[in-house]
Amino acid sequence: MDLLLDFIIVGLSIGIVYGLVALGISLIFSGLDIVHFAHGEVYMIGAFLGIAIVSISGVPYFGALVGAMIVTGAVGVVIERVFYRRLTRGGGGYTVAGMGMIICGFGMSVALQNVAYLIWGAAPHPYPVSFGMPIFLGNIALPKSYLYILVSALVLMAVLHTFLTRTKLGLAVRAVAYNKDTSYLMGVNVPAMISLIFGVACAMAAVAGVLIGPINYVQIEMGYLMLLKAFAAAVVGGFGSLPGALLGGVVVGLFETLCAGYLIASYKDIYAFLLLITVLMVRPTGLLGIIVKVKA
Amino acid sequence: MAEQAASLRFIDATERGLTRLRAVHPLAPWLVAFLLLAPLPWVLLNTYHVFLANFICVMILLSVGLNIVKGFCGQVTVGHVGLYAIGAYTAAVMSVNFGMTFWMSLPIAVMVTLLAGAVVGIPSFRLEGAYLALVTLGLGESVRIFISATEYLGATNGFSGIPAPRIGDFRFDTYQKYYYLVMPVMLLGVFFSFRILRSRLGRGFMAVREDPVAAAAAGVNVRGHKMIAFLISAGYAGFAGALYAHMIPGYLNPRNFTVIEMVTLLLMVVLGGLGHIWGGVIGAIIVTIVYDITKDYYHYSLLLFGSVIVLTVLFMPKGIGGIIDRFIATRRFIAIREGRATRPGSDDAA
């Protein structure tokens, strides 16, 4: 019983991290009609930037979180401006140019991974922070980092939701996601909004990276499987839906942890993928999918 | 001007030669290609270079197959390496654990890979673009994870002791001998890809790539064509995998089927020219040779390959094949503008 509860706690917190990355993928998809294949690498770079910032003496964990968010967001804006803008001019994600975007993202992901390798090396980096003793609830030890994940994710979701629904800028972002041509006509600065979407999405990935750092080691290969799992989370929750992305992340995290715990542990990375295929085949709109965008 | 005229004369001469050869017999150009490639192991003195020639042949098979499904049918599959791994491991298990000869294990490997290709192809009925790309990426990666976690397949230690193919007492146990097994198969593979792509089936693939709805309206069986494209490319991957498994030293490791191989394979097709009939061949030759030359700098190889992919997509979307096509077309255009006819035999006056 305690084992099950342990698995649930681990699955839940890993799942929230998946959800945060999935949130970014979902945001970019609704803004640009593309799946950003290098998002896993952005998450990895965010985690490394967090380490770099936290290593500066006197910076608290929270500072690293915000710093990594800002820097990674800027990196995201640069990526969008330099690479994706050229391609999105040729059409959205379902045209022939869309294949170019997928291939471009794939190439970018391995290039970024190599850059990270050249800077930080192949060895796993431990996170140089300590949260003190875990909290004991009966027999279960609950490390404080899991608590941090839960709280930061909830706060971030609330902020993002308020931003998207209550502010004028958020309205512009939603308008761009809904229809770019009409947004142009309404006087929305569409290219700036797309850059903003990309930056916010990359900042979310950085948060996920910094949050998972104290639980797992930070290493250059962490981004690659993350992309698959976050995509699975986005699909399970319903592509393009923000609460769905978080919910999907939790479902994927729990499913994966429970399967790895009670079935064969070495196939851990395959389970999320099985879930992805099943959902795509049976219910492509996902759990909360309202309408999947279909372009003719 | 002189350069242009020279290049034009070269293009014309090549085409005239090809036309004459085809007039003798449609298969004559392929025979000439075979005769030109046959003495290669004797020209290359270094055994390592012969190994490289063998490897290039395997890669050509793989990338030509991938170009059919990706470049011509427009289905973005990333996990092609998974099919290659399935082909290689099936051949290995068949010949080592069941004691079959190469001539039995090869068809079985191709069969199993075809089956796996069908499994990859089914999602393509409902999924498009990025969805399909991620599902195939996941399938390819699952194959690798499965292999490296299964003791029966050697897990991370690899699978060794795969015997070299033999006919009677003749064993293909050196790279020089193996070349004469893998090169004809490669030529046959390229030949079949030409025949397929210039047939009704190939035009159907292109129709599906350009617009599935319009293709369906024009009477093309979209699902059928997608499936056939996946099956053909899986067949190529099966051949490539079995040939790779039986090549000396007869050793397979899951590390030979990682994301790096996915990227190299992707780069081959993209750089050679997505949807160009020569794309897979050009790309496989260039990428394999460049990969080998830059082996000392392998720390940077992913950066190099990744950036080349990104830059190719941004600035050269049709790849090298597209550039050659455009070069020839430009030369033709200049010639016509200057009043020089391009009919064979009439450019001597220039």
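In this text the structure is predicted, and so the values were computed from the model without any measurement.

Student: If you had to explain the overall build of chain B to someone new, which residues and values would you point to?
Tutor: The helix and strand inventory of chain B stands at 16 helices and two strands. Compactness check: chain B gives a C-alpha radius of gyration of 21 Å against a globular reference of 20 Å for 350 residues, within 12% of the reference. Counting every position in chain B, which comprises 350 residues, the buried fraction comes to 52%. Surface exposure of chain B reaches about 15,900 Å², of which carbon and sulfur atoms provide 68%.

Student: Go over the overall build of chain A with me, naming the residues and quoting the values.
Tutor: Helix and strand counts for chain A stand at eleven helices and two strands. The proportion of buried residues among the 296 residues of chain A is 54%.

Student: An account of the packing of aromatic side chains is needed here, citing residue identities and associated values.
Tutor: Residue and element names in this part refer to chain A. Under the criterion given, the structure shown has 18 aromatic pairs over all chains. Note on F37 and F106: the rings are 6.2 Å apart at their centroids and 75° apart in plane angle, and the pair reads as edge-to-face. Linking F37 in the loop between α1 (2–32) and α2 (39–55) with F106 in helix α4 (residues 96–120), this pair joins segments that are 69 residues apart in sequence. One exposure class covers both F37 and F106, and it is buried.

Student: Kindly report on the interface of chain A and chain B, identifying the contributing residues and their values.
Tutor: Accessible area lost when the parts come together is the quantity often used to give the size of an interface. At the junction of the two partners, chain A supplies 39 residues and chain B supplies 43 residues. A buried area of about 3,800 Å², summed over both sides, lies between chain A and chain B, and 81% of it is on carbon and sulfur atoms. Between chain A and chain B we count zero salt bridges in total. Applying the counting rule to chain A against chain B returns one residue pair in polar contact (both at pLDDT 80 or more). Classifying every residue of the side of chain A that touches chain B by side-chain character gives 33 nonpolar, four polar and two charged.

Student: Which residues make up the packing of α1 of chain A against helix α8 (residues 190–212) of chain A, and what values go with them?
Tutor: All names here are of chain A. Their axes nearest at 9 Å, the elements α1 and α8 cross at an angle of 170°. Between α1 and α8, the angle is such that the two are roughly antiparallel. In this structure, α1 uses I14, V17, L20, V21, L23, G24, L27, I28, G31 and L32 to contact α8, whose residues at the interface are I194, I197, F198, V200, A201, M204, V207, A208, L211 and I212. The residue makeup of the contact of α1 with α8, split by class, is 18 nonpolar, two polar and no charged.

Student: Can you tell me about the pattern of salt bridges, naming the residues and giving the values?
Tutor: In total, this model carries five salt bridges over all chains according to the counting rule given. Salt-bridge contacts for E256 of chain A lead to K229 of chain A; the nearest nitrogen and oxygen are separated by 3.3 Å. With E256 of chain A in helix α10 (residues 242–262) and K229 of chain A in helix α9 (residues 222–237), this residue pair connects regions lying 27 residues apart in the sequence. Neither E256 of chain A nor K229 of chain A differs from the other in exposure class; each is buried. Linking E141 of chain B and R144 of chain B is a salt bridge whose minimum nitrogen-to-oxygen distance equals 2.6 Å. Here the residue E141 of chain B and the residue R144 of chain B both occupy positions in helix α8 (residues 129–149), the gap between them amounting to three residues, near one helical turn. The exposure class assigned to R144 of chain B is partly exposed, which follows from its relative accessible area of 21%. Taken together, the salt bridges that share partners define one network made up of D12, E15 and R332 of chain B.

Student: Before we move on, can you summarise the environment of M204 of chain A with the specific residues and values?
Tutor: Residue and element names in this part refer to chain A. Within the secondary structure layout, M204 lies in helix α8. For M204, a relative accessible area of 2% corresponds to the buried category. In contact with M204, not counting residues within four places along its chain, are L20, L23, L156 and L160.

Student: Could you give an account of the confidence of the model for chain A, with specific residues and numbers?
Tutor: All names here are of chain A. Counting all residues, the mean pLDDT for chain A is 80, and 89% of those residues have values of 70 or more. At the low end of the mean pLDDT range in chain A sits strand β1 (residues 135–137), at 71; at the high end sits α8, at 88. Predicted confidence is poor over residues 291–296, with pLDDT under 50, and the contacts of this stretch with residues over four places away or in other chains come to nine contacts.

Conventions adopted
- Each chain carries its own residue numbering, running from 1 in the written order of its sequence.
- By the order in which they are written, chains take letters starting at A while ligands take numbers starting at 1.
- Side-chain atom pairs in this predicted model are given and counted only at pLDDT of 80 or more, local residue features only at pLDDT of at least 70, and totals for whole chains, interfaces and linings cover all residues.
- Side-chain descriptors were evaluated using all non-hydrogen atoms of the structure, hydrogens and water having been removed beforehand.
- The numbering of helices and of strands both runs from the N terminus, where a helix is a DSSP run of H or I of at least 4 residues and a strand a run of E of at least 2.
- We compute the radius of gyration over the C-alpha atoms and compare it with the globule rule, which gives 2.2 Å times the number of residues raised to the power 0.38.
- With a 1.4 Å probe rolled over the protein chains alone, any residue whose accessible area is under 20% of its type maximum counts as buried; one over 50% counts as exposed, and the rest are partly exposed.
- Using a 1.4 Å probe, the Shrake-Rupley method yields the accessible areas, and only the shown protein chains count as cover for residues.
- Each Phe, Tyr or Trp ring (for Trp, its six-membered ring) is paired with any other whose centre lies within 6.5 Å, and the angle between the two planes then decides the class: stacked below 30 degrees, edge-to-face above 60, tilted in between.
- Should any heavy atoms of two residues lie within 4.5 Å, those residues are counted as being in contact.
- Buried area counts how much accessible surface, traced with a 1.4 Å probe, disappears from two parts once they are put together, with both parts' losses summed.
- Salt bridges, as used here, are contacts in which a Lys or Arg side-chain nitrogen is within 4 Å of a carboxyl oxygen on Asp or Glu.
- Under this definition, polar contacts are N or O atom pairs within 3.5 Å; protein pairs additionally need one hydrogen-donor-capable and one acceptor-capable atom, and for neighbouring residues in sequence, both atoms have to be side-chain atoms.
- Polarity classes work like this: nonpolar for Ala, Val, Leu, Ile, Met, Phe, Trp, Tyr, Cys and Pro, charged for Asp, Glu, Lys and Arg, and polar for all others, with Gly in that last group.
- Axis lines are fitted through C-alpha atoms, for helices just across the contact stretch, and the angle between N-to-C directions can take any value from 0 to 180 degrees.
- Roughly parallel refers to an angle under 35 degrees, roughly antiparallel to one over 145, roughly perpendicular to one between 65 and 115, and oblique to any angle outside these ranges.
- Here pLDDT means the predictor's own confidence in every residue, given as a number from 0 to 100.

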